[in-house]
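A closer look at the structure
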Amino acid sequence: MGRYFDESLAGFADLVAQPEPSPAAGSVAAAGVALAAALATKAARLSSRQVPEAAAVAEDLERRRVTAGELADEDARSYGAVLDAIRREGRDSAASRTAWEEAARVPLTIVEVGSAVADHAVRLARDGNPNLRGDAYTALRLAQAAVDAAAQLVAINVAEAGLDPVVSDRASALAERVAALT
């Protein structure tokens, strides 16, 4: 699922707190999506009476949880590649631009995965097992926060590299849609 997810929660928090470039915001946003997906998976698994396709929803959420865990590592690697390219070839080089493009793609993927998790969570909060509504609602709020944070990272990376803003526009549009879910 990803190296960071082999850590305990305390171990991951310790890594984030270190004075190193990564793991940082993108990895934390991905972890937020993974936790939201895990909580929504629980709600789905215990909502089979209320939501006929609950098993399929739980399966989709589980896949997204695994993907989010992998994205936590991928974000750290992609940002490390940016720093390496800048050190080797300079801030305005083709290599650094390519690295920035990848560094923008990873949080965009976090936004996309988190958006799907939020969609499931809002449905489970509304229609799922009433005893798990708090879990589904918490999953929704975690996903919303992670999506918003990741969309901001996309915008920062796009601006930093002078990339076409279509990528950050997509991330912003998804984040706005997810923020409106209740």
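Our subject is the structure that appears above.
In this text, all values refer to a predicted model and were calculated from it rather than measured experimentally.

What counts, and at which threshold
Residue numbers run consecutively from 1 along every chain, following the written order of its sequence. Local features in this predicted model are restricted to residues of pLDDT 70 or higher, and side-chain atom pairs are both shown and tallied only at a pLDDT of 80 or more, whereas totals for entire chains, interfaces and linings draw on every residue. Hydrogens and water are ignored here; the side-chain numbers use all heavy atoms of the structure. By salt bridge we mean one thing: a side-chain nitrogen of Lys or Arg within 4 Å of a carboxyl oxygen of Asp or Glu. Each helix is a run of H or I in the DSSP string that is no shorter than four residues. Each strand is a run of E no shorter than two, and both are numbered from the N terminus. The buried label applies to any residue whose accessible area, calculated with a 1.4 Å probe on protein chains only, is under 20% of its type's maximum; exposed applies above 50%, and partly exposed to all values in between.

1. Focus on the pattern of salt bridges
Side chains that differ in charge, positive against negative, can pair when their charged atoms come close. Summed over the entire model, instances satisfying the criterion amount to 14 salt bridges. Its salt-bridge partner being R97, residue E101 comes within 3.8 Å of it at the nearest N-O pair. Taken together, the residues E101 and R97, both in helix α4 (residues 94-127) and four residues apart, mark about one turn of the helix. For R97, a relative accessible area of 38% translates into the label partly exposed. Residues E102 and R105 are paired through a salt bridge, measuring 2.6 Å at the closest nitrogen-oxygen approach. In this pair, E102 and R105 both sit in helix α4, three residues apart, roughly one turn of the helix. Since its relative accessible area comes to 32%, R105 is described here as partly exposed. Each of E53, R123, R126 and D127 takes part in a single network of salt bridges with overlapping partners.

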